[in-house]
Amino acid sequence: MGASLSVPEPQDISTEDRFNVFRGLPLSLSSLAQFIKDGHIKRILVAAGAGISVAAGIPDFRTPGTGLYDNLQNYDLPTPESVFTLDYFRDHPQPFCTLANELWPGGFKPTTTHHFLRLLELRGVLLRVFTQNIDGLERLAGVSEELLVEAHGSFADAHCIECAGQHCVLDWHEQIQAGSIPRCGCTLVIPPPTSPPDEEQVKILRQELSSIVQQKAKAWAVTNWQMLTDLGMKEVRLKEKIAEAEQQTAAFPALLAEWEAGPKDKLCDGFIKPDIVFFGEGLPARFSYLAPKDGGRADLLIVLGTSLSVMPFAGLLGRVPALCPRLLINRQAVGLHDQESPPMFFGNIGLRLTDPQNYRDVHAAMDCDDGVRELCGHLGWTEELNALERAYQLPASGSRPEVPHRKRRQHKLKAVRLRFSHQRFTMP
Ligand code: OAD
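What you see is a predicted model; the values in this text were computed from it and never measured. (Residues numbered from 1 in each chain as written. Predicted model: local features only at pLDDT ≥ 70, side-chain atom pairs only at ≥ 80, totals over all residues. Heavy atoms only, no water.)

Student: What exactly am I supposed to notice about the site of the ligand here?
Tutor: Among the 24 residues in the neighbourhood of the ligand, the closest are listed as R62, Y69, T306, S307 and Q332. T306 is positioned such that a nitrogen or oxygen atom in its side chain is 2.7 Å from an oxygen atom of the ligand. Between a nitrogen atom of the ligand and a main-chain N or O atom of R331, the distance comes to 3.3 Å. Computed on the free molecule, the ligand has an accessible area of 800 Å², of which 96% lies beneath the protein chains in the complex. Broken down by class, the residue content of the shell around the ligand amounts to 10 nonpolar, 10 polar and four charged. (Near = heavy atom within 4 Å. Polar contact = N/O pair within 3.5 Å; in protein donor to acceptor, adjacent residues only side chain to side chain. Areas by Shrake-Rupley, 256 points an atom, 1.4 Å probe, with all protein chains shown as cover. Nonpolar A, V, L, I, M, F, W, Y, C, P; charged D, E, K, R; others polar.)

Structure representation (structure tokens):
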């Protein structure tokens, strides 16, 4: 997938502007810490992935051997990603339901990195955390909801994939645990058949057709081939419309009688899934709205524990201004601007970690927890980070996960009345 975003090439930015990004200091964690301390960096945008939760005991997706996609053999999937693919789920809901039960939030503790995000907030320098994770650990660490964008959704709510009816996610989980696959109990209205075009409309079509036939005769007389071609095409389309109208008129009485004799509504019975964004669905509107808005205001982007393999999330790299420094804390170098192999082509928004013209990108090639500890060390924040970790209490075992699932009652009982010819549900 190509990135549609673009930033100026280094040579198109003045030497002075490029120099000023790090003010002549080395491109390093300690320089960035210095800029945060002296107030030069006030708005930090974070882009996080599965790597930040690995230390909590939740595997990432793509690390060979330990990543989730290397450990789905028992699910008998065509591809590992199928488990998060809408079309596959529609026909085979069981693998996702089993996996969702395993990944269900609760029981995992936030990592040092999650506490660091909360510390950024407490220090007043957190612009927003964009996370791809569905484990809810940012919230558990105390990051405020308004500073969080759960770009790949969460377990906070659930909807039917057919009629979009809302369902209680806690009930969904209970049914999964009991071994059943939850289906939608919404009632869908079966509308009467669409009325055929009335006589007046068909009469107008016939008049248009006879006018075309007359114009064609004139065009023949002057052998205007272009006009003959255009009129010929119009004639074909009009004849098709008239034939369709006649068919609809003929079929309508039987269809209406059938509808009148039959039921007026039906059970939806579609599969329900938590609001985790699947391949084939759009990201939440909050992501689309805030990514450009926050990107434009950021004065540091920190990318944490992600392979940057999934668009549009990975495009956050290109949302920040060309003079905004970018810090990657990840075991590997990812998102490189000269990356030419699939699945991603970052073009010039990619990180220029190995490029001699790099003037703003820093890679801390280490575990996230070590990277944020090192940064906090430079900032003099180590004690505060430790205090947050010490103060954290895991919810008592057996209690509900603290991820704010929506309340049980209202939407369970709410029968959504929709047209029979309902549309497939996609995320906003
Ligand atoms: P990936 O598994 O693709 O990437 C995790 C990255 O974190 C890899 O580069 C690892 O090397 C690195 N890593 C692992 N543990 C680390 C640690 N302790 N410290 C530092 N780095 C570490 O996970 P994501 O990039 O989050 O989407 O995956 C993106 C999306 O792909 C997911 O949200 C999911 C998946 O398909 C959906 O389900 C829609």
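Right, picking up where we left off after that structure.
Student: How do you make sense of the sheet that holds strand β4 (residues 153-160) when you look at a structure like this?
Tutor: Within a sheet, each strand pairs with its neighbour through backbone hydrogen bonds, oriented either parallel or antiparallel. Strands sit in the order β5-β4-β8 across an open sheet of three strands; the sheet is antiparallel. Either end of the sheet is taken by a strand with one partner, and the two such strands are β5 (166-167) and β8 (272-276). With two bridges connecting them, β4 and β5 associate as antiparallel partners. Among the inter-strand pairings, A158 is bridged to a residue of β5, identified as H167. (Pairing = 2+ DSSP bridges. Helix = DSSP H or I, 4+ residues; strand = E, 2+ residues; numbered from the N terminus.)

Student: Just to check I follow, could you spell out the nonpolar core for this structure?
Tutor: Counting 39 residues, the largest nonpolar core has V46 and I302 as its most contacted members. Those residues in contact with V46 that lie beyond four places of it in its chain are L117, L120, L126, R128, V129, F130, I302 and L304. By size, the runner-up hydrophobic cluster in this structure holds 34 residues, among which are L68, L77, W104 and C186. (Core = buried A, V, L, I, M, F, W, Y, C linked by side-chain atoms within 4.5 Å. Buried < 20%, exposed > 50% of the residue type's maximum accessible area, 1.4 Å probe, protein only. Contact = heavy atoms within 4.5 Å.)

Student: Even after reading the chapter, I still don't get the pattern of salt bridges, so can you show me in this structure?
Tutor: Think of it this way: side chains of opposite charge can pair up when their charged atoms draw near. Scanning the model with the defined rule gives 20 salt bridges in all. A salt bridge links R128 to D294; its shortest N-O distance comes to 2.7 Å. With R128 in strand β2 (residues 126-131) and D294 in helix α10 (residues 285-297), the pair connects residues that are 166 residues apart, well separated along the chain. Here R128 and D294 have matching classes, each one buried. (Salt bridge = Lys/Arg side-chain N within 4 Å of Asp/Glu carboxyl O.)

Student: What am I meant to see in the environment of G305 here?
Tutor: Assignment of secondary structure puts G305 in the loop between β9 (300-304) and β10 (326-329). Remark: the alpha-carbon pair of G305 and D60, spanning 245 residues in sequence, is separated by 8.9 Å. With residues near it in sequence (within four places) discarded, G305 still touches G49, A50, G51, I52, I329, N330 and C368.

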